[in-house]
Amino acid sequence: MPLQRRLPKRGFTNYPFSREYAIINLKDLSRIEDLNVITPEALYERGIVKDIKDGLKILGGGEITKSLTVKANAFIATALKKIAGAGGKAEVI
């Protein structure tokens, strides 16, 4: 048996401190018609997000046409640019 398989495995693991976000794309946010302020709780109540987990992360997939105020725990840089370009506002909770 090779030496690297006989030795015990050691090292750093970040598992206890890692964060798992519920993710949503901008194209999913643009389909919501009657909300101007989007929060994780509002998305959960509507069934768009099944579990909030450690927070909500907004990804930049798709386009957004109307100005929205989006409150989330994390944003991708392209999502911030697209929200600001549409005249909206992104707030980190």
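Look up: the structure comes first, before these words.
Below you will find a few notes about this structure. In this text the structure is predicted, and so the values were computed from the model without any measurement.

**Focus on the sheet that holds strand β6 (residues 89-92)**
Right, on to step 1. Across the sheet, 3 strands lie side by side as β2-β4-β6; this open sheet has parallel pairing. Across the chains shown, the open sheet's two edge strands, defined by having one partner strand only, are β2 (37-38) and β6.
Right, on to step 2. Relative to strand β4 (residues 69-72), β2 runs parallel, the two sharing 2 bridges. Across the sheet, Ile-38 pairs through a bridge with Val-70, a residue of β4.

**Some points on the sheet that holds strand β3 (residues 56-59)**
Right, on to step 1. Read across the sheet, 3 strands follow the order β1-β3-β5 without closing on themselves; strand pairing throughout is parallel. The open sheet is flanked by β1 (22-25) and β5 (74-75), the only strands paired with a single partner.
Right, on to step 2. Both β3 and β5 contribute to a ladder of 2 bridges, which runs parallel. From the neighbouring strand, Lys-57 faces β5, where its bridge partner is Ala-74.

**Things to note about the environment of Gly-62**
Right, on to step 1. Note on placement: Gly-62 falls in the loop between β3 and β4.
Right, on to step 2. For Gly-62, a relative accessible area of 31% translates into the label partly exposed.
Right, on to step 3. Along the backbone, Gly-62 and Ser-30 are 32 residues apart, and their C-alpha atoms lie at a distance of 8.8 Å.
Right, on to step 4. Each residue touching Gly-62, except ones within four places of it in the same chain, is listed here: Leu-26, Lys-27 and Lys-82.

**Considerations on the environment of Ser-67**
Right, on to step 1. Within the secondary structure layout, Ser-67 lies in the loop between β3 and β4.
Right, on to step 2. Judged by relative accessible area, which is 42%, Ser-67 ranks as partly exposed.
Right, on to step 3. Residues Ser-67 and Gly-87 lie 20 residues apart in sequence; the distance between their C-alpha atoms is 4.9 Å.
Right, on to step 4. Setting aside its immediate chain neighbours within four residues, Ser-67 contacts Ala-86, Gly-87 and Gly-88.

**Here's the deal with unusual backbone geometry**
Excluding glycine, a negative phi dihedral is what most residues carry, and trans is how most peptide bonds are arranged.
Right, on to step 1. Positive phi is not limited to glycine here, since Lys-53 has a value of about 55°.
Right, on to step 2. Mapped onto the elements, Lys-53 comes out in the loop between α3 (40-46) and β3.

**Structural notes on the pattern of salt bridges**
Right, on to step 1. On inspection of all chains with the given rule, the structure shows 6 salt bridges.
Right, on to step 2. The salt bridge involving Arg-31 is made with Asp-28; its shortest N-O contact spans 3.1 Å.
Right, on to step 3. Accessibility expressed as a relative area gives 61% for Arg-31, which makes it exposed.
Right, on to step 4. The salt bridge involving Arg-46 is made with Asp-34; its shortest N-O contact spans 3.3 Å. Here Asp-34 lies in the loop between α2 (26-30) and β2 and Arg-46 lies in helix α3, a separation of 12 residues in the sequence.
Right, on to step 5. Overall, Arg-46 belongs to the partly exposed group, its relative accessible area being 43%.
Right, on to step 6. Linked by salt bridges that have partners in common, Lys-71, Lys-89 and Glu-91 make up one network.

What counts and how
- Residues numbered from 1 in each chain as written.
- Predicted model: local features only at pLDDT ≥ 70, side-chain atom pairs only at ≥ 80, totals over all residues.
- Heavy atoms only, no water.
- Pairing = 2+ DSSP bridges.
- Helix = DSSP H or I, 4+ residues; strand = E, 2+ residues; numbered from the N terminus.
- Buried < 20%, exposed > 50% of the residue type's maximum accessible area, 1.4 Å probe, protein only.
- Contact = heavy atoms within 4.5 Å.
- Salt bridge = Lys/Arg side-chain N within 4 Å of Asp/Glu carboxyl O.

Remember that the coordinates give geometry; whether it matters functionally is a separate question.
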